[in-house]
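A look at the structure
What follows is each chain in one-letter form.
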Amino acid sequence: MTEYDIVVAGGGPAGLQFAREIGARTDHAIAVLEANQRLSDNDKSTGGTFHQVIEGFDIPDHVVMASSPDVIFEGPTASERLEIPNYVLDFPAFLEFLGEDASSHGVDVHTGTRVTGPLVEDGEVVGVACGGNEEFTADVVVDATGPAGVLTTQLDMWDPDAAQRGIGKEFEAEGRFDHDSMLFRFDHEYAPGGYAWVFPAGENAFKIGVCWVDDFYERHRNPADGTIDEYVQRWIDSDDRWEIDDVRAVHAGQAISDNSINRRAGDGIVAVGDAVSSINPLFGEGIRPGMESAAMAADVVVDALAANDTSREFLVRYEKRWNREKGPKWKTQRMVGELLYDFDADQQDGFVERAGRLSATQADRLQRYELTLSDLLELYPFKLKDVPKAPTLLRHVM
């Protein structure tokens, strides 16, 4: 049995940022336990992000593949450019940087160490069990195991079965790409019940992929369709704006999202990132909200250890802050997403055209997930056929 002050289960952006932050601020003994043999093996993200991550978390240039000043939205026939600065990360290099920086502050990063469950004594989490009968004990345990929610699901803190599920597949390619902007396409022909994307990834390189929400995919898919790989390939083959010479990596993953109003703290434990579905339910962005949840949790855990009080009563301050600052926005994003991914082709074009009319201030609010009710009414092309959806949508704001 190995003892630490803090044990973090999971070496993704949320878990590593939590450890990195507390390691830089305190002299607590901290361990990160990552199931993969290398942090960079956790290569499931597109790496798309925004300045809040790059500037807010001091991310160096060498892990940024590309950046651009705008985003392109496309529908079946419409196309508009929005002034939203963005970045595309080399995600494996990004994880390695976070791990190296955490290590430089005294954090022990254990790879090849798979957490299998919590250690509980008298209702309090006191550590974790790992494969090979290895155990780590700690004053505070952090679940950062992503959508698997290895600890949160066993402790009944989060129920992934009650959330929406989606999948994504991306090819990282070398070849010709005629755009230098992030491009998102809302078109059921290529991404039924979701969206497709192309991101620049450096000179003569780009990332191209498709994702969808399972519920809406079932509603909008072609009955004769194939796998998600075939959808990606269809978009590659049908558009002359790019040409692939070589596929150098393939990324695949799942998203499990809800309104994010989940139990984030218990006696001796906090959960960050997608272990409690911090992912944004509209565009599936996970890096930024995951790292923001880690920063919020770190603030409270530092205070809890200083007060020698790691009870839920103390740690719940993190949960309350997240619910206060993110909860209402995430509810709105979930509601908007349920409309967007169920739009017909005319509405998809209408959404894109209206997005193109957003002011720079409104585009900034869109990027921050802070659209006002007035913005939403201006942005979304409702039809009478949407009226029966009202009860489903209203339950997200209750």
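Up top is the structure these notes are about.
Computed from a predicted structure; not experimentally measured.

**So, the overall build of the protein chain**
Each helix and strand counted, the protein chain has 13 helices and 20 strands in total. Taking the principal axes of its C-alpha atoms as reference, the protein chain extends roughly 60 × 50 × 40 Å. Buried residues in the protein chain amount to 57% of all 398 residues. Taking the contacts inside the protein chain whose residues are at least 6 apart along the sequence as the reference set, 73% of them involve residues at least 24 apart.

**Quick word on the sheet that holds strand β8 (residues 86–89)**
Judged by pairing direction, the sheet is antiparallel, and its three strands sit side by side in the order β4-β8-β5 without closing on themselves. Because the sheet does not close on itself, it has two edges, and the strands there are β4 (48–49) and β5 (64–68). Pairing of β4 with β8 involves two bridges; the strand directions are antiparallel. Within the sheet, the bridge partner assigned to G48 lies in β8 and is V88.

**Looking at the nonpolar core**
Formed by 84 residues in total, the largest nonpolar core has its most connected members in I6, F18, I59, F73 and F94. If you tally residues by element for this core, the top one is helix α7 (residues 287–306), at 12 residues. Excluding anything up to four places from it in sequence, I6 contacts F18, I22, A29, I30, A31, A138, V140, V142, V301 and L305.

**Concerning the packing of helix α1 (residues 13–25) against helix α3 (residues 91–104)**
Interaxial distance between α1 and α3 falls to 8 Å at its minimum, and their mutual angle equals 25 degrees. Here α3 runs roughly parallel to α1, going by the angle between their axes. Viewed along their axes, α1 and α3 form a crossing whose handedness is left-handed. Along the contact surface, α1 presents P13, L16, Q17 and R20, while α3 presents F91, F94, L95, F97, L98, G99, D101 and A102. Class assignment of the residues belonging to the contact of α1 with α3 gives a composition of eight nonpolar, two polar and two charged.

**Quick word on the sheet that holds strand β7 (residues 79–82)**
Spatially, β7-β6-β15-β16-β17-β14-β18 is the arrangement adopted by the seven strands of the open sheet, whose pairing is mixed. Since the sheet does not close on itself, it has two edges, and those belong to β7 and β18 (242–257), each with one partner. Averaged over all neighbouring strand pairs, the angle between strand axes comes to 20 degrees, with direction disregarded. Bridge analysis of strand β14 (residues 164–177) against β18 gives 14 bridges, and the strand direction is antiparallel. Its bridge partner being in β18, F171 is matched across the sheet by V250. Against the sheet, helix α6 (residues 228–238) engages β14, β15 (182–185), β16 (194–200), β17 (205–213) and β18, with an angle of about 130 degrees to β17.

**With respect to the packing of aromatic side chains**
The way to describe two aromatic rings as a pair is by their centre distance and the angle between their planes. Within the structure shown, the criterion is met by 27 aromatic pairs. Every member of this aromatic cluster is reached through a ring pair, and the members are F73, F184, F186, Y195, W197, F199, F283, Y341, F343, F351, Y380 and F382. The lysine or arginine in question, R234, covers the ring of Y231, its NZ or CZ lying 4.6 Å from the ring centre. Here the guanidinium or amino end of R317 rests over the ring plane of F314, the centre of that ring lying 3.8 Å away.

**Focus: the packing of helix α8 (residues 312–325) against helix α9 (residues 327–340)**
Axes are the key here: two packed helices are described by the angle between their axes and the distance separating the axes. Look at α8 against α9: their axes get within 3 Å of each other, and the N-to-C directions meet at 50 degrees. What the angle tells us is that α8 and α9 run oblique. Between α8, through W322, N323, R324 and E325, and α9, the contact on the second element is made entirely by G327, P328, K329 and W330. Its residues placed into classes, the contact of α8 with α9 shows three nonpolar, two polar and three charged.

**Notes on the side chain of D239**
One can find D239 in the loop between α6 and β18. By relative accessible area, which is 13% here, D239 ends up buried.

**Here's the deal with the side chain of N42**
Within the element layout of this structure, N42 appears in the loop between β3 (30–34) and β4. Since its relative accessible area comes to 17%, N42 is described here as buried. In this view, N42 contacts G11, G12, N36, F91 and L95; residues no more than four positions away in its chain are not counted.

**Overview of unusual backbone geometry**
Phi angles above zero are rare outside glycine, and D58 is one such case at about 55 degrees. As for its placement among the helices and strands, D58 is situated in the loop between α2 (51–56) and β5. Positive phi outside glycine occurs at S277, with the angle close to 55 degrees. Within the secondary structure, S277 sits in the loop between β20 (269–271) and α7.

**Re the pattern of salt bridges**
Applying the stated criterion across every chain yields a total of 27 salt bridges. Across the pair E21 and R25 runs a salt bridge, and its minimum N-O distance is 3.3 Å. Residue E21 and its partner R25 are both found in helix α1; the two are separated by four residues, about one turn of the helix. Residue classification places E21 among the buried positions, given a relative accessible area of 16%.

**With respect to the pairing of strand β2 (residues 6–9)**
Here β2 shows a buried face lined by I6 and V8 and a second buried face lined by V7 and A9. Where β2 and β3 come together, four bridges link them in parallel fashion. Bridge pairing in β3 links V7 to A31. Handedness of the crossover is the feature at issue here: the chain leaves β2, passes through α1, returns alongside β3, and the resulting connection is right-handed. Sheet topology note: the β2/strand β13 (residues 140–143) ladder contains four bridges and is parallel. By the bridge assignment, I6 is partnered in β13 with V140.

Rules used in this analysis
- Residues numbered from 1 in each chain as written.
- Predicted model: local features only at pLDDT ≥ 70, side-chain atom pairs only at ≥ 80, totals over all residues.
- Heavy atoms only, no water.
- Helix = DSSP H or I, 4+ residues; strand = E, 2+ residues; numbered from the N terminus.
- Buried < 20%, exposed > 50% of the residue type's maximum accessible area, 1.4 Å probe, protein only.
- Contact = heavy atoms within 4.5 Å.
- Pairing = 2+ DSSP bridges.
- Core = buried A, V, L, I, M, F, W, Y, C linked by side-chain atoms within 4.5 Å.
- Axes fitted to C-alpha atoms, helices over the stretch in contact; angles between N-to-C directions.
- Parallel < 35°, antiparallel > 145°, perpendicular 65-115°, else oblique.
- Left-handed = near helix turned anticlockwise from the far one by under 90°.
- Nonpolar A, V, L, I, M, F, W, Y, C, P; charged D, E, K, R; others polar.
- Phe/Tyr/Trp six-rings, centres within 6.5 Å; stacked < 30°, edge-to-face > 60°.
- Lys NZ or Arg CZ within 6 Å of the ring centre and 35° of its normal.
- Salt bridge = Lys/Arg side-chain N within 4 Å of Asp/Glu carboxyl O.
- Right-handed = clockwise from strand over helix to strand, strands pointing away.

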